[in-house]
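Coordinate inspection notes
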Amino acid sequence: MASSSFVVPVCLLLLCVVVFAWADDDLNLTTQQGQPPFYVQFGETQRKTYLSPFDDGNKPNITEGGRKVNVRFGERFYIMLNAFHPHSSPNSSDFLQFDLVGKTLNVTVDLNGASCGCNAAMYLVSMPSSKPGANSDWYCDANNVGGNSCPEIDLIEANEHALFTTMHHCDKPYSSSTCAHGGYGARFGHGKSDLGNSSSFSIDTRRPFIFSTSFYNTQTKDNSNNSNNTEEKLSCAVSLYQDGSLRTQQVIDKVSNIADPLSTGMVMVFSFWGSSSMGWLDSPPCTNDTPHCPTFMSFSDMSVSK
């Protein structure tokens, strides 16, 4: 009897520990599942994803049933595959990796009045880095922000006066000295008539417009050493639509040096920031880059198709 009277309380104690541990896990699960999804359309399939970070006050403002993210000034988010990594991840399999070779990506952009000195950005980087970096989020880019370098494709860097699409390749091993900081690409607006903040421009940035980019291979003849061989080159077409029609387009030739990381898969990043030295983007026409930025801007209806 002595042994049985001793065993029962211990068993009850263990049962209590198990119950409370389960309850605590369930509470965490509920909190993580409360993170709103962001949907990306891949052909006929709608993919449920999540934006990270989702901690320490970072709460992505996702609306319209998961089709739209309102990126508030000063925020930066990454597209993740599930809600269980609220502060990024060191594992590439936790991110939605975008392989855009042979594909077209569309997204609707609403700058919401982002003017001189503002930068509404949507871009691809080869995350995660091999090191946590300054913010412990495994972030990297071609300009070594946060202390980690990697290839970067700036699909959109924009305000009401300009939109740039820029390729930044990096040679291995990735470092600040092996990455192209300036890059090369397409330039809309910036003093030209194809984009600006009035109805006199091809794209009126006071209203939403569709950004579309296609990465496609072309065959070119190799004329070196009297060769008749052909080689495959990757190009990128950037098209801007408004009111249902194509308004302007530019082609970036010979982007093959970014083909390897792009075909491997790159992580999509949203950010919205400003600076008094944004003249590289918006001057002309801006002459004073004291940031005049709204509370937020938005990206919506993201889709990828062949």
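What counts and how
- Residues numbered from 1 in each chain as written.
- Predicted model: local features only at pLDDT ≥ 70, side-chain atom pairs only at ≥ 80, totals over all residues.
- Heavy atoms only, no water.
- Phe/Tyr/Trp six-rings, centres within 6.5 Å; stacked < 30°, edge-to-face > 60°.
- Helix = DSSP H or I, 4+ residues; strand = E, 2+ residues; numbered from the N terminus.
- Buried < 20%, exposed > 50% of the residue type's maximum accessible area, 1.4 Å probe, protein only.
- Core = buried A, V, L, I, M, F, W, Y, C linked by side-chain atoms within 4.5 Å.
- Contact = heavy atoms within 4.5 Å.
- pLDDT = per-residue confidence, 0-100.
- Salt bridge = Lys/Arg side-chain N within 4 Å of Asp/Glu carboxyl O.
- Polar contact = N/O pair within 3.5 Å; in protein donor to acceptor, adjacent residues only side chain to side chain.
- Pairing = 2+ DSSP bridges.

All right, on to the packing of aromatic side chains then. Aromatic ring pairs: the centre-centre distance and the angle between the two ring planes describe each pair. Applying the stated criterion to the full structure yields 6 aromatic pairs. Ring geometry for F42 versus F98: centroids 6.0 Å apart, planes at 35°, classification tilted. One end of the pair, F42, is in strand β1 (residues 38–42); the other, F98, is in strand β6 (residues 97–98), with 56 residues separating them in the sequence. Residue F42 is classed as partly exposed on the basis of its relative accessible area, which comes to 27%.

Our focus in this paragraph is the nonpolar core. Counting residues in hydrophobic clusters, the biggest one holds 50 residues, and the most contacted among them are F98, M122, I156, M268, F270 and F299. Apart from residues no more than four positions distant in its own chain, M268 is found in contact with F77, Y78, I79, F98, L105, M122, Y123, L124, L155 and M302.

Below, the discussion takes up the confidence of the model for the chain. Per-residue pLDDT for the chain has a mean of 88; in total, 87% of the residues score no lower than 70. Residue range residues 1–32 is modelled with pLDDT below 50. Its contacts to residues more than four positions away, or to other chains, number 4 contacts.

Turning to the pattern of salt bridges, a few remarks are in order. Between side chains of opposite charge, a pair can form as their charged atoms come close. Counted according to the given criterion, the structure contains 11 salt bridges. In this structure, R67 engages E64 in a salt bridge whose closest nitrogen and oxygen atoms are separated by 2.8 Å. For R67, a relative accessible area of 33% puts it in the partly exposed group. Relative accessible area serves as the criterion here: at 43%, E64 is assigned to the partly exposed category. For D204, the salt bridge identified is with R206, shortest N-O distance 2.8 Å. Overlapping salt bridges, with partners in common, bring together D204, R206, R207, D243 and R247 in one network.

Among the secondary structure elements, N119 is positioned in strand β8 (residues 118–125). The class for N119 is buried, based on a relative accessible area of 0%. Between the alpha carbons of N119 and L281 there is a distance of 8.4 Å; along the sequence they are 162 residues apart. Once residues lying within four places of it in the same chain are set aside, the contact partners of N119 are E157, A158, S271, F272, W273, M278, W280 and L281. Here E157 takes part through its side chain, which lies 3.3 Å from a polar atom of the side chain of N119.

The omega torsion across K172 and P173 is -5°, close enough to zero to call that bond cis. By the element assignment, P173 lies in the loop between β10 (162–168) and β11 (184–189). Residue P284 is joined to P285 through a cis peptide bond whose omega torsion reads 10°. Note that P285 resides in the loop between α3 (279–282) and β18 (296–305). Phi at N144 is positive, roughly 60°, even though this residue is not glycine. Summarising the element assignment, N144 is placed in the loop between β8 and β9 (152–159). Here D243, not a glycine, exhibits a phi torsion of approximately 55°, which is positive.

With that settled, consider the pairing of strand β7 (residues 104–110). Within β7, 5 of the 7 residues are buried, leaving the element largely enclosed by the surrounding structure. Across 6 bridges, β7 lies against strand β14 (residues 209–221) in antiparallel orientation. By the bridge assignment, T104 is partnered in β14 with S214. Alignment of β7 against β18, held across 6 bridges, turns out to be antiparallel. Residue pairing across strands places V109 opposite F299, the latter belonging to β18.

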